[in-house]
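Read off the chains here:
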Amino acid sequence: MELPEELLREREQRTNDAISLKEPDRVPVAPYAQFFPARYGGLTCREAMYEYDRLADAWKKTVMGFEWDAAPPAHIMLPGKVFDLLDLKLFRWPGHGLPNDVSFQFVEDEYMKVDEYEEILGNLGEFVVRKLLPRFAGALESFSSFPDFSLLIRGYNIFRTAALAASSPDFAQSMEALIMAGREMNKWSSKISELHRELTGAGFPILFIAFAQSPFDIISEFLRGFKGSSLDMYKNPEELLALIDLLTPGQIGGAISAAKGGGNSRVFIPLHRGAAGFMSEEQFEEFYWPSLKKIFLELIKVGLTPLPFFEGDYGPRLEYLRGLPKGKIIGHFDRTDVFKAKEIIGDVICIKGNVPASLLCTGSPREVEEYCKRLIDIVGEGGGFIMDGAVNGIPDEAKPENVKTMTDFTKSYGVYRK
């Protein structure tokens, strides 16, 4: 029997070989998952967000039971108690606008108005504190009344203007809510870190720790909304591009810091608005690709591995990926034709995916096996392939027997070296 540290090295080597476009001993199975482990462990979505110990137990049961080559990170789950304490407006979650066994949902809105570009470009930090936080969280609404930051440069204003503002009952309540949320976040983070250490100690590497996002997606999802960002490409292109440039360094620096601090070289980058149907090719070239490419290259430069999740159809964008460094990126594809992707970029990036959610949720084990065989035969030929589901990796509602079929069949059939 292999020792955990030997299994850890073996699994990491298998995944790293696939990333570098080599043939590992077999096709790795390294799925992304969100609420599937919780449900497999007998929890509702609400219980998964509020009962940290039970979530950890469910995660261990899933990862160790299926024996994947990498464990999906548990910090992709979110702590419901923190949402409660902050009265978060960005999400609806189980028991707070949604039934107890439904995944949380993002609430898109125009959190930044079109006439506020000058303000956010002039002072990003102040805009976040005085404008965005009060709009994102009901408990932080009083932050909007905090004095103009520029006034604080005069030292005595710290104990005059700032101290007086902070002494208001509303501001005190906001600070208390923030402190309580921070304590709860520390409690949750400690449990997740403990879980990750246990999984690693048992021989299961964590798929990723660090996150980054496309700057356009940040603007479109968290600031202007889909409608607003779409109009801005026509009516306010210069301001939109300036904000993209302003946000890009923070995504690079934050991802590098998180990856280095977490001891994990892979950086997850969920991509949304760049897919076909959201913007034209000309808009993709102008507003989406330059900053995203810069993020990829800067991460690679410091020895990290970007793991973009191409949500939606990125078929028309595949040619752009050909210009990236070879064997340095994992591309997780959702609705993109991965068989076509293998032809176009199979010699450039490692392809991850993409067993359809419909098969994993409603198909038979036989149908899952047939699709996996096709993936291994075509996309896995010559290496550079990692088995996973499509939308959200393993869907929340996936049948366990289908997940087991995907896993076990890949291990037995997807062998390169006997």
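Notes on the structure in this doc start here. From a predicted model like this one, the values you see are computed outputs, not experimental measurements.

What counts and what doesn't
Residues numbered from 1 in each chain as written. Predicted model: local features only at pLDDT ≥ 70, side-chain atom pairs only at ≥ 80, totals over all residues. Heavy atoms only, no water. Salt bridge = Lys/Arg side-chain N within 4 Å of Asp/Glu carboxyl O. Helix = DSSP H or I, 4+ residues; strand = E, 2+ residues; numbered from the N terminus. Buried < 20%, exposed > 50% of the residue type's maximum accessible area, 1.4 Å probe, protein only. Expected span 1.5 Å × (residues − 1). Pairing = 2+ DSSP bridges. Contact = heavy atoms within 4.5 Å. Axes fitted to C-alpha atoms, helices over the stretch in contact; angles between N-to-C directions. Disulfide = S-S within 2.5 Å. Bend = angle between axes of the 7 residues up to and from the residue. Phe/Tyr/Trp six-rings, centres within 6.5 Å; stacked < 30°, edge-to-face > 60°. Lys NZ or Arg CZ within 6 Å of the ring centre and 35° of its normal.

## Some words on the pattern of salt bridges
Pairs can form between side chains of opposite charge once their charged atoms are near each other.
Then, in step 1: Enumeration according to the criterion identifies 30 salt bridges in this entry.
Then, in step 2: In this structure, the salt-bridge partner of Asp101 is Arg39, at a minimum N-O distance of 3.5 Å. Placement of Asp101 in the loop between strand E2 (97–98) and strand E3 (105–106) and of Arg39 in helix H2 (residues 36–40) is noted, with a sequence separation of 62 residues between them.
Then, in step 3: What makes Arg39 partly exposed here is its relative accessible area of 25%.
Then, in step 4: One salt bridge connects Glu194 with Lys191, and the closest N-O pair in it is separated by 3.5 Å. Of this pair, Glu194 and Lys191 both sit in helix H9 (residues 169–201), three residues apart, which is roughly one turn of that helix.
Then, in step 5: With relative accessibility at 33%, the residue Glu194 sits in the partly exposed group.
Then, in step 6: On the accessibility criterion, Lys191 (18% relative accessible area) is buried.
Then, in step 7: One continuous salt-bridge network, built from bridges that share partners, spans Glu10, Arg14, Asp25, Arg26 and Asp69.

## What about H9?
Then, in step 1: Helix length check: H9, at 33 residues, gives a terminal C-alpha distance of 48 Å against a target of 48 Å (1.5 Å per residue), a fit within 8%.
Then, in step 2: Listing the buried residues of H9 in full gives Phe171, Ser174, Ala177, Ala181, Glu184, Trp188, Lys191, Ile192, Leu195, His196 and Leu199.
Then, in step 3: Just downstream of H9, Gly203 is the residue with a positive phi angle, here 100°.

## Remarks on the sheet that holds E2
Then, in step 1: In space, the three strands of this open sheet follow the order E2-E1-E3, with mixed pairing throughout. A single partner strand is all that each edge strand has here, and the edge strands are E2 and E3.
Then, in step 2: Two elements, strand E1 (residues 91–94) and E3, share two bridges in a ladder whose sense is antiparallel. Note on E3: the bridge partner recorded for Phe91 is Phe106.

## Some details on the side chain of Thr62
Then, in step 1: Mapped onto the fold, Thr62 is located in helix H4 (residues 52–66).
Then, in step 2: According to the relative accessible area criterion, Thr62 is buried, its value standing at 0%.
Then, in step 3: With residues up to four places along the chain from it excluded, the contact list for Thr62 reads Phe36, Pro37, Tyr40 and Trp68.

## Structural notes on the sheet that holds strand E5 (residues 266–271)
Then, in step 1: Ordered by their spatial adjacency, six strands build an open sheet running E4-E5-E6-E7-E8-E9, and the pairing between neighbours is parallel. Two strands lie at the open edges of the sheet, namely strand E4 (210–211) and strand E9 (385–389), each paired on one side alone.
Then, in step 2: Relative to E9, strand E8 (residues 350–355) runs parallel, the two sharing five bridges. Directly across from Ile351, in E9, lies its bridge partner Phe385.
Then, in step 3: Taken strand by strand, helix H1 (residues 4–19) contacts E5, strand E6 (305–310), strand E7 (330–333), E8 and E9, and its axis lies near 55° from that of E5.
Then, in step 4: Its contacts with the sheet place helix H15 (residues 338–345) against E7 and E8, and it is angled at close to 175° to E8.

## Let's talk about unusual backbone geometry
Then, in step 1: We note that Leu21 has phi near 70°; this positive angle belongs to a residue other than glycine.
Then, in step 2: One can find Leu21 in the loop between H1 and H2.
Then, in step 3: Judged by its relative accessible area of 21%, Leu21 is partly exposed.
Then, in step 4: Positive phi outside glycine occurs at Glu67, with the angle close to 55°.

## Comments concerning the state of the cysteines
Then, in step 1: Applying the stated criterion across every chain, the model contains zero disulfides.
Then, in step 2: For Cys361, which is in no disulfide, the shortest distance to another cysteine sulfur is to Cys45 and amounts to 13 Å.
Then, in step 3: Cysteine Cys372 shares no disulfide, and the gap to the nearest cysteine sulfur, in Cys361, comes to 14 Å.

## Here we look at the environment of Leu297
Then, in step 1: Mapped onto the elements of the fold, Leu297 is located in helix H13 (residues 281–301).
Then, in step 2: Residue classification places Leu297 among the partly exposed residues on the basis of a relative accessible area of 32%.
Then, in step 3: Here the alpha-carbon distance between Leu297 and Lys61, two residues 236 residues apart in the chain, equals 37 Å.
Then, in step 4: Residues in contact with Leu297, not counting those within four places in the same chain, are Leu324 and Pro325.

## A look at the pairing of E1
Then, in step 1: Sheet topology note: the E1/E2 ladder contains two bridges and is parallel. Looking at the pairing, Pro94 lines up with Leu98 of E2.

## Things to note about helix H7 (residues 124–136)
Then, in step 1: Along its 13 residues, H7 runs just 16 Å from first to last C-alpha, ending more than 12% under the 18 Å computed at 1.5 Å per residue.
Then, in step 2: Of all bends in H7, the biggest is about 30°, found at Arg130, and the proline Pro134 comes one to four residues later.

## Some words on the packing of aromatic side chains
Then, in step 1: By the definition in use, this model includes 29 aromatic pairs.
Then, in step 2: Geometrically, the ring pair formed by Tyr32 and Phe268 is stacked, given 5.1 Å between the ring centres and 20° between the ring planes. You can see Tyr32 sitting in the loop between H1 and H2 and its partner Phe268 sitting in strand E5, a full 236 residues away along the chain. The same class applies to Tyr32 and to Phe268, which are both buried.
Then, in step 3: Each ring, one from Phe310 and one from Phe333, has its centre 4.8 Å from the other, and the planes form 10°; the classification is stacked. Pair noted here: Phe310 is in strand E6 and Phe333 is in strand E7, with a separation of 23 residues, a long-range link.
Then, in step 4: Here Phe310 falls in the buried class, since its relative accessible area comes to 4%.
Then, in step 5: The structure contains a cluster of three or more aromatic residues connected by ring pairs, namely Phe35, Phe83, Phe91, Trp93, Phe104, Phe106 and Phe222.
Then, in step 6: In this structure, Lys61 packs its charged tip against the face of Tyr40, placed 5.1 Å from the ring centre.

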